[in-house]
Amino acid sequence: MLKVENLTKSYASGGRDLTVLEAVSFELQAQDTFAIVGPSGSGKTTLLGLCAGLDRASAGSVWLNGIQLDDLSEDQRAAVRNEHVGFIFQNFQLLPSLTALENVLVPLELRGVRGGTRTAQELLERVGLGGRGHHYPTQLSGGEQQRVSLARAFANRPKILFADEPTGNLDADTSATVVELLFELNREAGTTLVLVTHDLELAARTQRIVRIKGGSVVSDTVNQESAEIARLSS
Amino acid sequence: MSNFLFIWRMAWRDSRRSRSRLLLFTSAIVLGIAALVGINGFGDNLARSIDEQARELVGADLVLSASQPFDSTLQTTLRRLGERRSQEVAFASLVQFPKGQGVRLAQVRALTGGFPYYGEWLTEPGSAVAAFREAGPAGQRVALVDDALLAQFAARPGDSIKVGELTFRIVGRVRKTPGQSGFSASVAPTVFIPRELVEQTGLLQRGSRVQYRTYYQFAPGTNVDQLIQPLTARLDQANIDSDTVAERKRQTGRSFTNVTRFLNLVAFVALLLGCVGVASAVSLYVREKVAAVAVLRCLGASGWQAVLIYLLQTALMGLLGAILGAALGTGIQLLLPKVVEGFLPVTVSVAISWSAVAEGIVTGVFVAVLFALLPLLSIRRVSPLRTLRASLEEDTAGPDPLRGVVYGLILLFITGFAYLQTRDWKLALGFAGGLLLTFGVLAGVGEGLRRLVRRYFPSSWSYVWRQGLANLYRPNNQTLLLTVSIGLGVFLLATLYLLQGLLLSQVEISSTGGQPNLVLFDIQSAQREGVTQLVKRNGLPVLQEVPVVTMRLSAINGRSAAELKKDTASGVSKGALGREYRVTYRDSLISSETLEAGRPPFLGSDGIPRVSFDDGFTERLKIKIGDTLTFNVQGAPLVTIVGGTRTVDWSRVQTNFLVVFPNGVLEPAPQFHVLLTRVPDNATLAAVQRELVTNFPNVSAIDLGLILQTLDEILTKISFVIRFMALFSMATGLLVLVSSVVVSRYQRVRESVLLRTLGASRGQILRITLVEYALLGLLAAVAGLGLAVMAAWALGAFVFEVAFVPQIGPLLLLAILTTALTAIIGLLNSRDVLTRPPLEVLRGEVS
Ligand SMILES: Nc1ncnc2c1ncn2[C@@H]1O[C@H](COP(=O)(O)OP(=O)(O)O)[C@@H](O)[C@H]1O
Ligand SMILES: [Mg+2]
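This one's a predicted model, so the numbers in the text were calculated from it and none came from an experiment.

Draft legend 1. Spatial organisation of a nonpolar patch on the surface. Residues and elements named next belong to chain B. A cluster of nonpolar residues, F4, W8, L316, L319 and I323, forms a patch on the protein surface that exposes about 420 Å² of accessible area. When residues of the nonpolar patch are traced back to their parent elements, those giving at least two are α1 (2–15) and α10 (303–340). When residues in the nonpolar patch are grouped by element, the largest group, three residues, is from α10. Locating I323 in the fold gives a position in helix α10.

Draft legend 2. Fine view of the environment of B:W465. Residue and element names in this part refer to chain B. By the element assignment, W465 lies in helix α14 (residues 463–470). The class of W465 is partly exposed, set by a relative accessible area of 38%. In the structure, W465 is positioned 194 residues away from L271 in sequence and 37 Å away in space, judged by C-alpha atoms.

Draft legend 3. Local environment of the sheet that holds strand β3 (residues 33–37) of chain A. Residue and element names in this part refer to chain A. Pairing within the open sheet is mixed, and its six strands lie in the order β6-β7-β8-β3-β9-β10. For this open sheet the edge positions go to β6 (85–88) and β10 (216–222), each flanked by a neighbour on one side alone. Pairwise comparison of adjacent strand axes, ignoring direction, gives a mean angle of 15° for this sheet. Of the pairings in the sheet, the one linking strand β9 (residues 208–213) to β10 comprises six bridges and is antiparallel in character. Following the sheet pairing, R208 is matched in β10 by V222. Contacting β6 and β7 (160–164), helix α2 (residues 74–84) crosses the sheet at an angle of about 85° to β6.

Draft legend 4. Just the pattern of salt bridges, in detail. Scanning the entire structure with this criterion turns up 35 salt bridges over all chains. Where B:D627 meets B:K624, a salt bridge forms, and the shortest distance between an N and an O atom there is 3.4 Å. The class of B:K624 is exposed, set by a relative accessible area of 55%. Three or more residues are tied together by salt bridges with common partners; here these are A:E74, A:D75, A:R77, A:R81 and B:R297.

Draft legend 5. The packing of aromatic side chains, seen in detail. Under the definition given, this model contains 23 aromatic pairs over all chains. Judged by centre distance (4.8 Å) and plane angle (40°), the rings of A:F26 and A:F34 are tilted. Accessibility assignment for this pair places A:F26 and A:F34 in one class, buried. Where B:Y581 meets B:F617, the ring centres are 6.0 Å apart and the plane angle is 85°; that geometry is what we call edge-to-face. Within this pair, whereas B:Y581 is found in strand β14 (residues 580–585), its partner B:F617 is found in helix α19 (residues 615–621), the two being separated by 36 residues in sequence. Each member of the pair, B:Y581 together with B:F617, is buried. Ring-pair connections join several aromatic residues into one group, and the members of that group are B:F268, B:F366, B:F371, B:F413, B:F417 and B:F431. Positioned over the ring face of B:W12 is B:R19, at 4.1 Å from the centre of the ring.

Draft legend 6. Geometry of the site of ligand 1. Near ligand 1 you find A:Y11, A:L18, A:V20, A:P39, A:S40, A:G41, A:S42, A:G43, A:K44, A:T45, A:T46 and B:R389, and these make up its full shell. Neighbouring residues of ligand 1 are not confined to a single chain but are spread across chains A and B. A:K44 is positioned with one of its backbone polar atoms (N or O) 2.9 Å from an oxygen atom of ligand 1. Alone, ligand 1 offers 560 Å² of accessible surface; in the complex the protein occludes 67% of this. Looking at the shell around ligand 1, the elements with two or more residues in it are β2 (16–28) and α1 (44–51) of chain A. Looking at the shell around ligand 1, the element that brings in the most residues is α1(A), giving three residues.

Draft legend 7. Up close: the pairing of strand β2 (residues 84–97) of chain B. All names here are of chain B. By the criterion of burial, β2 is predominantly enclosed, with 10 of the 14 residues buried. Inspection of the sheet shows β2 paired to strand β9 (residues 210–217) by eight bridges, in the antiparallel sense. Among the inter-strand pairings, Q87 is bridged to a residue of β9, identified as T214. Bridge count between β2 and strand β3 (residues 102–112): 11 bridges; the pairing is antiparallel. Following the sheet pairing, S93 is matched in β3 by A106. Linking β2 back to β3 in an antiparallel pair, the connection comprises four residues, with Q101 at a positive phi of about 65°.

Draft legend 8. Just the nonpolar core, in detail. Residues and elements named next belong to chain B. Ranked by size, the top nonpolar core spans 114 residues in total, and within it F268, F371, L376, I414 and F431 carry the most contacts. The element contributing the most residues to this core is helix α9 (residues 245–298), with 23 residues. Residue contributions to this core reach at least three from each of two domains, namely domain 1 (1–57 + 257–423) and domain 3 (446–511 + 707–847). Aside from chain neighbours lying at most four places away, what touches L376 is V282, V286, V307, Y310, L311 and T314.

Draft legend 9. Main features of the side chain of B:S93. Within the secondary structure, B:S93 is located in strand β2. B:S93 sits in the buried class, given a relative accessible area of 1%.

Draft legend 10. Quick peek at helix α3 (residues 100–111) of chain A. Residue and element names in this part refer to chain A. Most of α3 sits inside the fold, with 11 of its 12 residues counted as buried. Regarding α3, the residues found buried are A100, L101, E102, N103, V104, L105, V106, P107, L108, E109 and L110. Positive backbone phi, at 80°, marks G112, one or two positions downstream of α3.

Draft legend 11. Looking closely at the interface of chain A and chain B. Across the contact, 33 residues belong to chain A and 29 residues belong to chain B. Between chain A and chain B lies a buried interface of about 2,800 Å² when both sides are counted; carbon and sulfur atoms form 59% of it. Area buried by chain A at its contact with chain B is led by A:S97, A:E109 and A:L110, which between them contribute 22% of it. For the salt bridge of A:E102 with B:R13, the shortest nitrogen-to-oxygen distance reads 3.4 Å. Counting every contact that joins chain A to chain B gives 14 residue pairs in polar contact (both at pLDDT 80 or more). Those elements that provide at least two residues to the side of chain A that touches chain B are α1, α2 and α3 of chain A. In terms of residue class, the side of chain A that touches chain B is made up of 14 nonpolar, 10 polar and nine charged.

Draft legend 12. Up close: helix α5 (residues 142–155) of chain A. Residue and element names in this part refer to chain A. Given a rise of 1.5 Å per residue, 14 residues ought to cover 20 Å, and the 20 Å separating the end C-alpha atoms of α5 matches this to within 8%. Most of α5 is tucked away, with 13 of its 14 residues classed as buried. A positive backbone phi angle near 45° is found at R157, which sits one or two residues after α5.

Draft legend 13. Highlighting the side chain of B:T26. With respect to the helices and strands, B:T26 occurs in helix α2 (residues 19–58). Beyond its immediate stretch of four places on either side in the chain, B:T26 contacts B:M317, B:L320 and B:G321.

Draft legend 14. Representation of unusual backbone geometry. Geometrically, the link from B:F115 to B:P116 is a cis peptide bond, its omega value of 0° lying close to zero. Secondary-structure assignment places B:P116 in the loop between β3 and β4 (122–124). The linkage connecting B:E124 with the following residue, B:P125, adopts the cis geometry, with an omega of -5°. Mapped onto the fold, B:P125 is located in the loop between β4 and α4 (128–138). Its identity is not glycine, yet A:Q31 carries a phi of approximately 70°, on the positive side. Position of A:Q31 relative to the elements: it lies in the loop between β2 and β3. For A:N65, which is not glycine, the phi dihedral falls at a positive 50°. Relative to the helices and strands, A:N65 resides in the loop between β4 (59–64) and β5 (67–68).

How each quantity is defined
- Residues numbered from 1 in each chain as written.
- Chains lettered and ligands numbered in written order.
- Predicted model: local features only at pLDDT ≥ 70, side-chain atom pairs only at ≥ 80, totals over all residues.
- Heavy atoms only, no water.
- Patch = residues over 30% accessible without salt bridge, like charges linked within 9 Å, V, L, I, M, F, W, Y side chains within 5 Å.
- Areas by Shrake-Rupley, 256 points an atom, 1.4 Å probe, with all protein chains shown as cover.
- Salt bridge = Lys/Arg side-chain N within 4 Å of Asp/Glu carboxyl O.
- Helix = DSSP H or I, 4+ residues; strand = E, 2+ residues; numbered from the N terminus.
- Buried < 20%, exposed > 50% of the residue type's maximum accessible area, 1.4 Å probe, protein only.
- Pairing = 2+ DSSP bridges.
- Axes fitted to C-alpha atoms, helices over the stretch in contact; angles between N-to-C directions.
- Contact = heavy atoms within 4.5 Å.
- Phe/Tyr/Trp six-rings, centres within 6.5 Å; stacked < 30°, edge-to-face > 60°.
- Lys NZ or Arg CZ within 6 Å of the ring centre and 35° of its normal.
- Near = heavy atom within 4 Å.
- Polar contact = N/O pair within 3.5 Å; in protein donor to acceptor, adjacent residues only side chain to side chain.
- Core = buried A, V, L, I, M, F, W, Y, C linked by side-chain atoms within 4.5 Å.
- Domains from an automatic or database assignment.
- Buried area = accessible area lost by both parts, 1.4 Å probe.
- Nonpolar A, V, L, I, M, F, W, Y, C, P; charged D, E, K, R; others polar.
- Expected span 1.5 Å × (residues − 1).

Here it is as structure tokens:
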């Protein structure tokens, strides 16, 4: 589903190269759940951005659902994202001038899907916000915003979902609800999940954990317990 | 087209929270389009009215005219041309009302026949026209007199009027004569007398300025041009001019397009200001939308889809602005004829010009899209990575070639549109080039300021100053944008203002000092002595006294005028070839003339006179020093050589001439004399006129004071129209300022709130804002004004050829006003920040 080979990213800053990611490789199968953990500034977000085709690598390659992203133009990669990818962001990134329902509708309308409103409404109900569809993001709490964002991420039935610190801006209780929903929806849809977090407890719920530090992978472990649960429940 | 549906929906939904700002951008277009539609619609109506009323302007299908009685050999031919014809002898003369002893210069038209054939000759009583037409053949002494003249001397139909040696009974008051504007009626009001009696007035003498005319009416549908075609050569030879309705249409149209063209340019400036407003408002709008665009990109929208969403918004707002502007412009267009009606020869109809409306709407949308495109293009390059890293720097992946294309389109548009408005390529290119230069200089000034402040940052200054100055170069600064948009606005306004002063000063004739204010015309050689004495007896100075001989040009370097007229390649102006020349003779130049080349007029040793030409006029005749010119002096040929050129200051009240002959050639020719003097008051003027009309009835006295006054009235009206249009530019400029500053608020809000959260006082934040905006306003204003002064100087030197003296006062005022306004609007904006709870802003809920 996702294959990363020798991925390297460096920035030219102040005359010299600053390498923030060095030769990272791994491969994920469909329906895997996968966590990238590491201290702040270790390159997690950079890696996620590269995997999702939001940025270009300095070296190495990324295959997403069998499509090699490296040589695609920005617009071609946008089409790939719309087709296969869902996103969850630390700061939600809902469009402020659109209502909750319209925010969920965006990926569907972008594809030209007919009757998207029903799908979007169902998704909102699924995340427990059926009655809040006409509210604007500013009228929703952080947790509610993140739930709308979850509904939006699943709207186009993505094959792979990228989440960057999805609970980073939420308090503990709200986090728990959002995390439950995230894993439930993920299981139901059979989506591959790539989760960036520095929360080890959250990471523990995935089947595989990659630890990076200073831009390099320091460990890549299969989470036996979680993998077992996943196998049983499917 | 599902994608298009998406774009439509997104454009609509996204606009919801920003409509008030989009409206501001709309308003920038409204006034520009209003000015454009107003002027163009007026121009259309004027052209149509001229077209419709040209026949009434002429009053006949054909007019033949000459400054001497028609050649007798032509009589039968001319009689055969048409049965319905009307003859006229016209000249200027002092007329007298015996009842009140009033004397005034009038245009005397001695008329017989059915003229006017078209248009309404409005008289009181209405039966006066018929009475007048019947009286002539019967030898009755009756006259029709212009209302203006009757009103001046409180005379009425039934009173009598003395023209030359005859006294006529006034049978009617003339309200309107086809072909005469209210203006010409007030400068030289007309007295109509029967043609049959004109000789008896004793006013027709050799050398007098008399026009002989025959008016024809033909059967409807007659092709007049074709009818007189076979006669042209003979008419030319006899110095008879022909005027047809078609020709009149062309001429009148041409002279008024010049007036509307300048106004068109003024309207265009208002529109351009609106464009600057659009570009700056949209570019700030785009900055605000970057985050939303990044999300859309993340969700899979292509770069162009994102651009189209915002382009659609701006196009729709542009359409709205254009429609509002067109409606407003239509209102102006309906009002303009009221303002200028006095000095137009036609009654301008007040129909809505749909073509001007359509043109205005299309232009509005086009301009909105074109100028919005420039900032909108950068949306294509917004990286989706911004969703992960909010503070990502501007994506500068090399220059965008499309921007170059849009810049090119804008330049093309400006040049093309300027050409459409002026029909003059040189002017259009100069206009576009000047704007380009201005834009470049302003951008340079903005960038320079940014670097300078950064480089020589005054770290020892107070906190407020440092913060305000730092705002000029920190990320997300608006230095460049505001300098260019405010500077360009100030530049356009100031240039317009200076240009207006330049134009008006050119036509302003000073009537103060020892300038002459009374011109005695048509003095016969035999009367010269007597008139001079009459003037001196009244204690008046003889300021100038010159002989005038009328002649026509018959050949240049052996090629006849008729031949040259036909040869279009020769480039010689037809008007210059066909005109009647009034020349004088003397051996020196006078104070209003300066020698340009060659020598003052002199009689060559070969006996051929060396004449002096007005410098500009040699261009029109395509002649140079040494060329041989043959004149026809009332029948007799006279060979001359161009001996020199001079420049003439036409704005001085002098008897100025295009051609000056040397002494010793024209003395025996039929001629009249002109005498310039200055009367101290109206009583003296009346006394002189009375004495003149008794002793020298054929001598005309032109009261320059009266003419200057009428001219002044016209200029006041014209400058009112110009100022009115300039007002639109000014209002648009203000809107641009407001929209630039208002939209820029969203850049500063977050910082100001953060500062406040960190404990800065209200006063401190206000002062920081004040420093930033006042500095920007001042710099932009000074730069814009400097450029405007240079532009006005260049226009004065190269286009209008008048010396330019900048009016420092108004410019200073404009600079102060711009600075103050920028600062005030900036302050008003941040006031809003201060009243809001910081938390709201920190949570990103600013909208
Ligand atoms: N545009 C950039 N230019 C230079 N350095 C950058 C840029 N973006 C990120 N970095 C650096 O890359 C490193 C990794 O950042 P990031 O991937 O955000 O880490 P994490 O998400 O693990 O906290 C950081 O040290 C950061 O300073
Ligand atoms: Mg991160």
